[in-house]
Amino acid sequence: MEEQKRTASHAAVRYIENGMRVGLGTGSTVRYAIERLGEHVEQGLDIVAVATSQETEQRARQAGIPLQELDDRAIDLTIDGADQVDPALQLIKGGGGALLREKMVADRSRREIIVVDESKLVESFTFPLPIEVVRYGWKSIAARLREQGLEPEMRRDYETDNGNPILDCSYDDLGDLHRLAATLNNIPGVVEHGLFIDLATMVIVGTPDGAKTIRRKQGMAHTP
């Protein structure tokens, strides 16, 4: 699987051009993109990057990639991973805990390229849905989540870069993803959830035969 991750990440880096502002996701797959991008920067590629986590920021600095903070300027292209991808290119993210910053960066990105190995492609989601919450009253939040058919469990000994805990939610069926995402957004105390809806422009899948690109259908692309 590591070779498939590397194949997908290197294919995504080919979309980066001089002068771009690039979002860098978090996780085991994206680290290969950061390494390759650092090589291109060393060879003269002129870009700046926005990191989605402290871990990614550290990796980018070690690779010699110039960094900026997320601000009011759009991001030309973001490379990120996913825990699972369904046939409509909807995503579950947050296994690595960076879902809030990843979604903020995705929201400001003109293009969001998701890089995965082929094991992450699924017909329907099974990965526990991460939900970042405030610590105050988290059991009350968990009760609200159960009303939506979710079974939350506090991620043990974990705190996000924002100082919050994560509830990992198991489920039988998430149902209408747009409806669920809207409902979760309206629960007081929910900081962010791991449903990334209509944000991926394309998914690049690493396979034993090379990189396979799946593009979002026309008219469904996200505009920052």
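Here the structure is shown first, and the text comes after it.
Conventions and cut-offs
Residues numbered from 1 in each chain as written. Predicted model: local features only at pLDDT ≥ 70, side-chain atom pairs only at ≥ 80, totals over all residues. Heavy atoms only, no water. Helix = DSSP H or I, 4+ residues; strand = E, 2+ residues; numbered from the N terminus. Rg over C-alpha atoms; globule rule 2.2 N^0.38 Å. Buried < 20%, exposed > 50% of the residue type's maximum accessible area, 1.4 Å probe, protein only. Contact = heavy atoms within 4.5 Å. Areas by Shrake-Rupley, 256 points an atom, 1.4 Å probe, with all protein chains shown as cover. Lys, Arg positive; Asp, Glu negative; His and termini not counted. Charge placed at Lys NZ, Arg CZ, Asp CG, Glu CD. Phe/Tyr/Trp six-rings, centres within 6.5 Å; stacked < 30°, edge-to-face > 60°. Lys NZ or Arg CZ within 6 Å of the ring centre and 35° of its normal. Core = buried A, V, L, I, M, F, W, Y, C linked by side-chain atoms within 4.5 Å. Pairing = 2+ DSSP bridges. Expected span 1.5 Å × (residues − 1).

A.B. asks: Please provide a residue-by-residue account of the overall build of the protein, values included.
C.D. replies: The helix and strand tally for the protein stands at 6 helices and 13 strands. Here the C-alpha atoms of the protein give a radius of gyration of 17 Å, agreeing with the 17 Å that 2.2 N^0.38 yields for 224 residues. With the C-alpha coordinates of the protein rotated into their principal frame, the extents come out at 55 × 35 × 30 Å. Split into buried and exposed, the 224 residues of the protein put 50% on the buried side. The long-range share in the protein, meaning contacts at least 24 apart out of those at least 6 apart in sequence, stands at 74%. For the protein, the computed accessible surface area is about 10800 Å², with 44% contributed by carbon and sulfur atoms. Each charge class in the protein can be summarised by its mean position, and for the 27 positive and 36 negative side chains these summaries are 1 Å apart.

A.B. asks: Describe the packing of aromatic side chains, naming the residues involved and giving the relevant values.
C.D. replies: Considering all chains together, one arrives at 0 aromatic pairs under this definition. For Lys103, the ring lying beneath its charged end belongs to Phe196, and the centroid distance is 4.8 Å. Taking the ring centre of Tyr158 as reference, the NZ or CZ of Arg155 above it sits at 5.1 Å.

A.B. asks: Talk me through the nonpolar core; I want residue IDs and the actual numbers.
C.D. replies: One finds Ile16, Ile47 and Ile65 to be the most contacted residues of the largest nonpolar core, which totals 24 residues. Those elements giving two or more residues to this core turn out to be helix H1 (2-13), strand E1 (21-24), helix H2 (30-42), strand E3 (77-80), strand E6 (112-117) and strand E12 (202-207). The dominant element in this core, judged by the number of residues it contributes, is H2, at 5 residues. Membership of the second largest hydrophobic core comes to 23 residues, among which are Leu145, Leu150, Leu167 and Leu195.

A.B. asks: For the sheet that holds strand E5 (residues 91-92), give the residues involved together with the corresponding values.
C.D. replies: Here we have 3 strands laid out as an open sheet, ordered E4-E5-E11, and antiparallel in their pairing. With one partner strand each, in any of the chains shown, strand E4 (84-85) and strand E11 (195-196) form the two edges of the open sheet.

A.B. asks: Tell me about the environment of Val203, and please be specific about residues and values.
C.D. replies: Mapped onto the elements, Val203 comes out in strand E12. Its relative accessible area of 0% is what places Val203 among the buried residues. For Val203 and Asn162, which are 41 residues apart along the polypeptide, the C-alpha to C-alpha distance reads 28 Å.

A.B. asks: Describe H1, naming the residues involved and giving the relevant values.
C.D. replies: Its 12 residues place the ends of H1 17 Å apart at the C-alpha level, agreeing with the 16 Å of an ideal helix rising 1.5 Å per residue. Within H1 the residues assigned to the buried category are Gln4, Lys5, Ala8, Ser9, His10, Ala11, Ala12 and Val13. Considering only its buried residues, H1 is in contact with H2, E3, E6, E12 and strand E13 (210-215).

A.B. asks: Can you explain unusual backbone geometry? Please cite residues and give values.
C.D. replies: Here the phi dihedral of Leu89 falls at roughly 65 degrees; this positive angle occurs in a residue that is not glycine. Along the polypeptide, Leu89 turns up in the loop between E4 and E5. The class of Leu89 is buried, set by a relative accessible area of 4%. Unusually for a residue other than glycine, Asp198 sits at a positive phi of about 60 degrees. Counting through the fold element by element, Asp198 comes out in the loop between E11 and E12.

A.B. asks: Give me the lowdown on the pairing of strand E9 (residues 166-170), citing residues and values where you can.
C.D. replies: Of all 5 residues in E9, 4 are buried, a share of seventy percent or more. As judged from the 4 bridges shared by strand E7 (residues 129-133) and E9, these two strands associate in the antiparallel manner. Pairing of Leu129 across the sheet is with Cys169, part of E9. Here strand E8 (residues 151-154) pairs with E9 via 4 bridges, running antiparallel. What sits directly across from Glu153, in E9, is Asp168.

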